[in-house]
Amino acid sequence: MQPAENQPQTPEEPTNRAPANERYVLQDLLGPGRLGDVYRGWDANLEQAVAVKQIKAEVAALPGFGERVIPSVRAFGRVIHPGIVRVTDVGQSEADYYVVMELLQGPHLAYLLEQLRVHQQRLTLLHGVRLVQTVAQAAHVVYEQSGQHYRLMPTKIKFRSTYAPQSVLHPLQPVIVDLGLAHLLPPGWLLQFVHDPQMLTYFSPEEILGETTDIRSDVYTLGMLLFVLITGRAPFTVQTIGEAVDIHLNRPLPTPQSIQPATPAILAAIVTKALAPQPADRYATIGQLYAALAAIPDDVLTAFVPASDDVRYSTLPFFYEEHQAEPKAVDSSPKNDKHPGVILPNKRPHGASPPSLTPSPTPSLLSSTPVTAVPMVLEVQMLDGESRRVPLTEGVLTIGRTPDNGLVLDEPRVSRQHARVEFDGQGYHIVDLRSANGTFLNKERLPAGGRAPWGNEATVRISKFTLRLVASPVAEAPVAEPVAPEPLVVDAAQIYIELLKRAIERTRLTCSPDGVTAAFLLGHTTLDVTPGERATLPLIIINQQATAAFFDLVVTGPAAPWCSFDLPHHELQPGEQREVHLLITPPRQTQTRADTHLLQIVMTCRQTPTQTAQGQVRLKVRPFAAFRATLMPAQIRAGETLQVAVEHQGNRIQNYKVAWHTDAPDLYFEETQEEITLAPGETKSVAITPFLSKQRWLGGAREHRVAIQISTTNAQMQRLEALITSRSRLPL
């Protein structure tokens, strides 16, 4: 499978031995992580290569994280499954936590997906579906045995060689390498450690909105991976958390069939269910998703014929073998002069303040060159050998092939928007903009979308262009040493407020009677409800005054009649917090339209009634379907007309199909069906006229039955029956 240069090599024993209490030696950086960096290491006791994950200090300092990390990893390590990375050790060195795992060679799935995009290829539908099915099966086992759910993003899926000829993925076994540490963070905090905007696509709506997640969030992530494998792209792209929030709140996701019409209907239905905005509408467990995928026959997937021939399809093992040499990151972490490579805890001076809970920018993992804060200009070595200097007067300079870039490099191998230079006030960074042919820093290719510090001794190569940072003439004067900012000490209340600010669905509003603060916090700023059912919105009232105070809550807006508080009037003691519930019950009527309704919640303090705190809640009323059909009259003679009246009792526009037929050989119809569209509360009639194909000369009256079926696009149905009488020319 792997070329010789990529085969796992048995590392030589380090010449500088770790002390007796230092078992693991770090060698190379394998890649950055949101919660910690992963290194290639050497286990001095077992004398074998391992992967070592060091938890970031700012993550370990989060409330409740430290005491839970070791038990959580132990629970994960007890699960034995070929689709799960093997954990061999977990521990703590002073204030730092580390996890030791088996070393898996080769790239993760995210890199393979990027290579598929660059080379205009996709995995065959059979291989894409079975890949997700295999990951789902492993994740289900982990959840059943440990009770924890894990990150199933493409960056958390790698591969190992295995012998399983019965599998279409043979000889590859997908492996989940996530340790489940993300669920130890408070809701909303994980988003602070996401530095690749593409990964926001795989976050479930409730995770983007800062709500508590469960296994159904992993169902969503795998549904998104299925969507990408089927269509070749994500249903949306975002650059910020705010954009992701806007999409999840206001824009419905496209279906796979809208992009790839040849998608089998059974597969499209699975993806749509897995990507449902509301967790209650998704598969309840990963096991259910696995069972649904496993039930799809192979011949349904192999019969898939794409709508376009512009994209080539490849099997997973073949494409993996061609692209398994993922670019390596260069370790820029501090070295231990006494024992090179030994894990070093991030020691703080005695008495120093704890680290800030506000995440700092991710340090470079691609360059060891120093980052300078001296004003610089960009020197570009052009194709003709001439040098060109570009002043870096702005904080951002984009580089690309099209004229709208700050630096235009007109060469076919340069992407339209290839890279970006950023200055954050202290140093310069180079950012790859998911270019087709890569951005290279000191001969090392940045990951797609990667960001790395750029010092004045480093070179950047884009196609055939070489770029360097050189000192600006105005920078020749000595520059004063920057003063390190005071460390930020955050107490529990500040952490809570910061969490609410970062979680978009929670709104903090204050009223200030006599200059003293009171507040209420909304549990959500968007809420879904089905007419006839009840939804509950929690609120927290906080009295931060030094005296007791009376507060009144009211709801205004067109939907206010549906709402009531369990207790609308409250007396709170100084510093008291109280949870209140807004009960919302829209009636199941046609007037309760399926739409988004704005609720205005107003809180007043009786001591200062002119001071108010107001907040808006977007109430999304779900559609419901109901109708009633009647015959007028129910019995007629042949040649007469009957009417089928359809009354639409749902709350959004609905299409209806009215179809009729008879088994009587003597009757026929000029039309056998009709489609109508009804607004909520509207009634329309469909005319049905039966004709005799041949009238009898003699005989008595005969009765013929006509079956009438009224159906909707959401599979609701009602059946009626009409009685048709025919007579002979000479009745007896």
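Residues numbered from 1 in each chain as written. Predicted model: local features only at pLDDT ≥ 70, side-chain atom pairs only at ≥ 80, totals over all residues. Heavy atoms only, no water.

A. Quick peek at the packing of aromatic side chains. Applying the stated criterion across every chain yields a total of 3 aromatic pairs. When the ring of Phe627 is compared with that of Tyr656, the centres are 5.1 Å apart and the planes differ by 70 degrees; the resulting orientation is edge-to-face. Separated by 29 residues along the polypeptide, Phe627 in strand 31 (residues 627–632) and Tyr656 in strand 34 (residues 654–662) bring together distant segments of the chain. Above the face of the Tyr283 ring, Lys273 is positioned so that its terminal group lies 5.3 Å from the ring centre. In this structure, Arg461 packs its charged tip against the face of Phe440, placed 4.4 Å from the ring centre. (Phe/Tyr/Trp six-rings, centres within 6.5 Å; stacked < 30°, edge-to-face > 60°. Helix = DSSP H or I, 4+ residues; strand = E, 2+ residues; numbered from the N terminus. Lys NZ or Arg CZ within 6 Å of the ring centre and 35° of its normal.)

B. View of unusual backbone geometry. That bond from Met632 to Pro633 is cis: its omega, -15 degrees, falls within 30 degrees of zero. Looking at the element boundaries, Pro633 is found in the loop between strand 31 and strand 32 (635–637). One non-glycine residue, Arg434, lies in positive phi territory at about 55 degrees. Phi at Lys443 takes a positive value of approximately 70 degrees, unusual for a residue other than glycine. Position of Lys443 relative to the elements: it lies in the loop between strand 16 (440–441) and strand 17 (444–445).

C. Structural detail: a nonpolar patch on the surface. Taken together, the side chains of Trp697, Leu698 and Leu730 define a hydrophobic patch exposed on the protein surface, amounting to about 370 Å² of accessible area. As for its placement among the helices and strands, Leu730 is situated in strand 42 (residues 730–731). (Patch = residues over 30% accessible without salt bridge, like charges linked within 9 Å, V, L, I, M, F, W, Y side chains within 5 Å. Areas by Shrake-Rupley, 256 points an atom, 1.4 Å probe, with all protein chains shown as cover. Salt bridge = Lys/Arg side-chain N within 4 Å of Asp/Glu carboxyl O.)

D. A look at the pattern of salt bridges. Evaluated as defined, the whole model comprises 17 salt bridges. One salt bridge connects Lys156 with Asp178, and the closest N-O pair in it is separated by 3.9 Å. Residue Lys156 is found in the loop between helix 4 (125–146) and strand 7 (157–161), and its partner Asp178 is found in the loop between strand 8 (172–176) and helix 5 (205–208); the two are separated by 22 residues along the sequence. Here Lys156 and Asp178 have matching classes, each one buried. (Buried < 20%, exposed > 50% of the residue type's maximum accessible area, 1.4 Å probe, protein only.)

E. Region of the structure containing the side chain of Glu422. Tracing the sequence through the fold places Glu422 in strand 14 (residues 419–423). One polar contact links Glu422 to Arg420, side chain to side chain, over a distance of 2.8 Å. Within polar-contact distance, the side chain of Glu422 engages the side chain of Arg451 at 2.8 Å. (Polar contact = N/O pair within 3.5 Å; in protein donor to acceptor, adjacent residues only side chain to side chain.)

F. Just the sheet that holds strand 15 (residues 428–432), in detail. A sheet is described by the order of its strands in space; here 5 strands give the open sequence 13-12-14-15-18, paired in mixed fashion. Of all the strands in the sheet, the pair left with one neighbour each is strand 13 (407–408) and strand 18 (451–453). Two strands pair when backbone bridges link them, and strand 12 (residues 396–400) and strand 13 are joined in this way by 2 bridges, in the parallel orientation. Looking at the pairing, Ile399 lines up with Leu407 of strand 13. (Pairing = 2+ DSSP bridges.)

G. Looking closely at helix 4. Taking 1.5 Å per residue, 22 residues should reach 32 Å; helix 4 reaches 32 Å between its end C-alpha atoms and fits that length. With respect to burial, helix 4 is a largely interior element, 16 of its 22 residues being buried. (Expected span 1.5 Å × (residues − 1).)

H. Inspection of the confidence of the model for the chain at higher detail. In this model, the chain carries a mean pLDDT of 76, and residues with pLDDT of at least 70 account for 77%. In the model, residues 1–21 has pLDDT below 50 throughout and makes 33 contacts with residues more than four positions away in sequence or in other chains. Considering only residues more than four positions removed or in separate chains, one finds that residues 474–514, a stretch of pLDDT under 50, has 75 contacts. (pLDDT = per-residue confidence, 0-100. Contact = heavy atoms within 4.5 Å.)

I. Here's a closer look at empty space enclosed by the protein. Throughout the structure, instances matching the rule amount to 2 cavities of 30 Å³ or more. For the second largest cavity, the calculated volume is near 30 Å³. (1 Å grid on protein atoms, 1.4 Å probe; cavity = no way out; pocket = protein on both sides within 12 Å on 5 of 7 lines; lining within 4 Å. Points joined across faces, edges and corners; volume = space filled by probe spheres on them.)

J. Representation of the side chain of Thr590 in the model. Position of Thr590 among the secondary structure elements: in the loop between strand 28 (577–584) and strand 29 (596–605). Among the polar contacts listed, one links the side chain of Thr590 to the side chain of Gln591, at a separation of 3.4 Å. Each residue touching Thr590, except ones within four places of it in the same chain, is listed here: His648, Gln649, Gly650, Asn651, Pro680 and Gly681.

K. Structural detail: the environment of Arg130. For Arg130, the position within the fold is in helix 4. A relative accessible area of 9% means that Arg130 is categorised as buried. For the pair formed by Arg130 and Leu226, sequence separation is 96 residues and the distance between their alpha carbons is 10.0 Å. Other than its neighbours up to four places away in sequence, Arg130 contacts Val168, Leu169, Leu293, Ala294, Ile296, Pro297, Asp298 and Leu301.

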